[in-house]
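Structural characterization, general
Chain residues, written in single-letter form:
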Amino acid sequence: MAMTLEQARQAIIARMQGFTGIDQSRIQYPNAPEFKVPKIGLWCRLTIAGGSSFISGIADKPCTRRTGNIMIQCFDRLHTGEKAITELSDALLAHFEYFNIEHLECLQGQAINAGKDSDFIQYNVSIQFRVN
């Protein structure tokens, strides 16, 4: 039976909850209760974005696969160096890349230095996924 996007979302959140590279209280989850940005140290924000669909086969009806992106924004305070945020990005990539469960398949990822603002340096870790 095919996996719905909601089931895929739940599987991705469960995978993130199993990540031990940062304390879970420092991760902002979608639709979670109010999150307070820590005054010091690293923190993350998880976003799961759906993407396009494609037909992977045709029998009596088309077999549709859905795609999406797992986006994890990683933040650290300015003037603390980039070692910790880079190591966190590496650990997140290792945790998600090529992970499979049921009909969810995580693919290749990337970590991009998104720059600085008045308070934080930000890295965006992005992992593509497909369902079914």
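Described below are features of the structure shown in this document. What you see is a predicted model; the values in this text were computed from it and never measured.

Some details on the overall build of the protein
For the protein, the count of helices and strands is two helices and six strands. Across the protein, helices and strands are ordered from the amino to the carboxyl terminus as α-β-β-β-α-β-β-β. In terms of its C-alpha atoms, the protein occupies a principal-axis envelope of roughly 60 × 25 × 25 Å. Here the protein holds 132 residues, and 35% of them are scored as buried. Relative to all contacts within the protein whose residues are 6 or more apart in sequence, the contacts with residues 24 or more apart total 57%. Of the roughly 7,800 Å² of accessible surface on the protein, a fraction of 51% belongs to carbon and sulfur atoms. Taken together, the 13 basic and 13 acidic charged side chains of the protein have centroids lying 3 Å from each other.

Describing the state of the cysteines
One pass over the structure, following the stated rule, counts zero disulfides. Unpaired in terms of disulfides, Cys63 finds its nearest cysteine sulfur in Cys106, a separation of 18 Å. Taking relative accessible area as the criterion, Cys63 reaches 34% and is therefore assigned partly exposed. We classify Cys106 as buried; its relative accessible area is 2%.

Observations concerning the environment of Gln7
One can find Gln7 in helix H1 (residues 5–17). Residue classification places Gln7 among the partly exposed positions, given a relative accessible area of 38%. As a C-alpha pair, Gln7 and Glu102 span 95 residues in sequence and 10.0 Å in three-dimensional space.

Here we look at H1
Since the α-helix packs 3.6 residues into each turn, any two residues three or four apart lie on the same face. For H1, spanning 13 residues, the distance from its first C-alpha to its last is 18 Å, which sits close to the expected 18 Å at 1.5 Å a residue. Within H1, the full set of buried residues consists of Ala8, Ala11, Ile12, Ile13 and Met16.

Remarks on the packing of aromatic side chains
Enumeration over the complete set of coordinates arrives at four aromatic pairs. Ring centres 4.2 Å apart and planes at 20 degrees place the aromatic pair Trp43 and Phe75 in the stacked group. Taken together, the residues span a long stretch of sequence, with Trp43 in strand E2 (residues 43–58) and Phe75 in strand E3 (residues 62–77) at a distance of 32 residues. For Trp43, a relative accessible area of 3% translates into the label buried.

Brief notes about the sheet that holds strand E6 (residues 120–131)
The sheet built from six strands is open, its strands ordered E1-E2-E3-E6-E5-E4 with mixed pairing. The strands lining the two open edges of the sheet, one partner per strand, are strand E1 (27–28) and strand E4 (100–101). With ten bridges connecting them, strand E5 (residues 104–116) and E6 associate as antiparallel partners. Its bridge partner being in E6, Gly109 is matched across the sheet by Ile127. Where H1 meets the sheet, it contacts E1, E2, E3, E4, E5 and E6, and its direction lies at approximately 140 degrees from that of E2. Lying over the sheet, helix H2 (residues 83–96) contacts E2, E3, E5 and E6, oriented at roughly 5 degrees with respect to E6.

Each value, and the rule that gives it
Residues numbered from 1 in each chain as written. Predicted model: local features only at pLDDT ≥ 70, side-chain atom pairs only at ≥ 80, totals over all residues. Heavy atoms only, no water. Helix = DSSP H or I, 4+ residues; strand = E, 2+ residues; numbered from the N terminus. Buried < 20%, exposed > 50% of the residue type's maximum accessible area, 1.4 Å probe, protein only. Contact = heavy atoms within 4.5 Å. Areas by Shrake-Rupley, 256 points an atom, 1.4 Å probe, with all protein chains shown as cover. Lys, Arg positive; Asp, Glu negative; His and termini not counted. Charge placed at Lys NZ, Arg CZ, Asp CG, Glu CD. Disulfide = S-S within 2.5 Å. Expected span 1.5 Å × (residues − 1). Phe/Tyr/Trp six-rings, centres within 6.5 Å; stacked < 30°, edge-to-face > 60°. Pairing = 2+ DSSP bridges. Axes fitted to C-alpha atoms, helices over the stretch in contact; angles between N-to-C directions.

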